[in-house]
Amino acid sequence: MSSSDDQHRIDPATGAPAPATGSASAARTRVKRQLPTVRDLAPLMQFRKPSLPGRRQRLEQALTIWDLRDIAARRTPKAAFDYTEGAAEAEISLARARQAFEDIEFTPAILRDVSRVDTSREVLGAPVSYPFGIAPTGFTRMMQTEGERAGARAAGRAGIPFSLSTMGTTAIEDVRDANPHGRNWFQLYMWKDREKSMALVSRAQQAGFDTLLVTVDVPVAGARLRDKRNGFSIPPQLSARTVVNAIPRPWWWFDFLTTEPLAFASLDRWSGTVGELLDHMFDPTVTYEDLAWIRDQWQGKVVVKGVQSLADAKRLADLGVDGITLSNHGGRQLDRAPVPFHLLPSVVKEVGGDTEVHLDTGIMSGADIVAAVALGAKFTMVGRAYLYGLMAGGEAGVDRMIQIVSEQIERTMRLLGVASLDELEPGHVTQLQRLQPIPRV
Ligand SMILES: Cc1cc2nc3c(=O)[nH]c(=O)nc-3n(C[C@H](O)[C@H](O)[C@H](O)COP(=O)(O)O)c2cc1C
């Protein structure tokens, strides 16, 4: 400090200019110290009763889906975790889809009454409490033994739909029993053996599933390189490596070894990778004609999952399906696939009138869902977010996932100044450009 600064110092006692000292330390404020009394300290000492880190406490500490993911990674054997977390080839499709959600800017409106927000809407002819549901995932009991039952129960409790995969590890009827009053959707992969595929469809119909999701982005399996590198097979084999990996994850192994054996509920037993199973079972010849035929077999709503271009979206709308899901299968099929969130505005503009446009891939927060709804998505689905919750804490973990995402939706809506989903509109979201296509000449 210069001596000219000293000249402007004020004496705190008198309020008058302090005499210049020429030394900064001499003029420093003197703090008077005293010893604290017990009465002073008592209000500050609010120690919580120590407790063992149980499931509830573990889950309460997770504030985001990424936190749930970290807990899941600690509790699940590497091969099973990688099967869930991984995507195809260099995993670019998934990274880009997540990046697209990060690359948005919200434009809030101010001074609106947002004391109450309504997050419900009608989707495919029936109500949902939030604009997201649980995506179909194969082999779910391998991630955590409570598997699909946990997902279906948690979804039913929250008033959101649960989707069961053709590759599920819980029978159609058991999912119905786990979620008897909620909405269950069945996801169909068309097999080479069509009779068997359609037998599943009619079982789902009988069990009261209200929607058929026909997945169309798996003519062959994507290259899931993590599974190959891990030597991952179904069911998991006990090799020296898996045993070593099991040491810090005893509960997963305890569950695995002491609960009903892990198997596909709708498929014959299989020993090999999931990719090999897909290639063996599933039919690469399925076309639009087959889809029309499948649609006619089902009495409920039909949604085509895995739509990745405007041209296909239009063709499906012409075919009269009830909905389409813009999805690249969570990046697990074609790598460098279109980002569903980028496709959304043009697809909504062209077909969004009569056909519901749904979206998945890359959703890791309620704010992502709000952005998708603002750009016209009627509904969204979460795959990994659900599985991270499941791996982190079974059914309670799925409850926690739904709680985190739904609170994020409500808070984002309030901060944007909207009180209902229908008030969200494209003006609330600017997509910042990162991957801009170069126009064709
Ligand atoms: C472990 C795993 C298994 C999956 N299995 C299926 C499946 O059997 N059928 C299907 O249509 N989609 C399946 N998917 C894709 C999901 O339904 C959904 O499209 C995808 O997970 C969405 O991306 P997200 O994980 O980023 O939310 C699977 C996804 C994961 C992560």
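That block above? That's the structure.
Our subject in this report is the structure included herewith. (Residues numbered from 1 in each chain as written. Predicted model: local features only at pLDDT ≥ 70, side-chain atom pairs only at ≥ 80, totals over all residues. Heavy atoms only, no water.)

### A few points about the overall build of the protein chain
When helices and strands are tallied, the protein chain shows 19 helices and 12 strands. Every one of the 441 residues in the protein chain was classed for burial, and the buried ones make up 51%. Looking at the protein chain alone, contacts between residues at least 24 apart form 75% of all its contacts between residues at least 6 apart. Working note: accessible area of the protein chain is about 22,300 Å², and carbon and sulfur atoms make up 53% of it. (Helix = DSSP H or I, 4+ residues; strand = E, 2+ residues; numbered from the N terminus. Buried < 20%, exposed > 50% of the residue type's maximum accessible area, 1.4 Å probe, protein only. Contact = heavy atoms within 4.5 Å. Areas by Shrake-Rupley, 256 points an atom, 1.4 Å probe, with all protein chains shown as cover.)

### Some thoughts on the packing of aromatic side chains
In total, this model carries 11 aromatic pairs according to the counting rule given. With 5.2 Å between their ring centres and 25° between their planes, Tyr 83 and Phe 232 make a pair best called stacked. Separated by 149 residues along the polypeptide, Tyr 83 in helix H5 (residues 78–85) and Phe 232 in the loop between helix H11 (225–230) and helix H12 (240–246) bring together distant segments of the chain. Each member of the pair, Tyr 83 as well as Phe 232, is classed as buried. Taken together, a centroid distance of 6.1 Å and an interplanar angle of 45° make the contact between Tyr 130 and Phe 132 tilted. Comparing Tyr 130 with Phe 132 shows no difference in burial state: the two are buried. By way of ring pairs, the aromatic residues Trp 252, Trp 253 and Phe 256 are connected into one cluster. Across from the ring centre of Tyr 288, 3.8 Å away, lies the NZ or CZ of Arg 315, which sits over that ring. (Phe/Tyr/Trp six-rings, centres within 6.5 Å; stacked < 30°, edge-to-face > 60°. Lys NZ or Arg CZ within 6 Å of the ring centre and 35° of its normal.)

### As for the site of the ligand
The ligand sits among 24 residues. The nearest are Pro 136, Ser 165, Thr 215, Asp 360 and Gly 362. A distance of 2.8 Å separates an oxygen atom of the ligand from a polar backbone atom of Gly 362. Arg 384 has a polar side-chain atom sitting 2.9 Å from an oxygen atom of the ligand. Tallied by class, residues from the shell around the ligand come to eight nonpolar, 12 polar and four charged. (Near = heavy atom within 4 Å. Polar contact = N/O pair within 3.5 Å; in protein donor to acceptor, adjacent residues only side chain to side chain. Nonpolar A, V, L, I, M, F, W, Y, C, P; charged D, E, K, R; others polar.)

### Quick word on the nonpolar core
Ranked by internal contacts, the top residues of the largest apolar core, which has 109 residues, are Phe 132, Ile 324, Phe 341 and Met 401. It is helix H19 (residues 384–416) that provides the largest number of residues to this core, a total of 15 residues. With residues near it in sequence (within four places) discarded, Ile 324 still touches Val 303, Val 304, Val 307, Ala 313, Leu 316, Val 347, Val 351, Thr 355, Glu 356, Val 357 and His 358. (Core = buried A, V, L, I, M, F, W, Y, C linked by side-chain atoms within 4.5 Å.)

### Some points on the pairing of strand E10 (residues 356–359)
Neither face of E10 is left uncovered, since the one carrying Glu 356 and His 358 and the one carrying Val 357 and Leu 359 both have all their residues buried. Inspection of the sheet shows strand E9 (residues 323–326) paired to E10 by four bridges, in the parallel sense. Directly across from Thr 325, in E10, lies its bridge partner His 358. (Pairing = 2+ DSSP bridges.)

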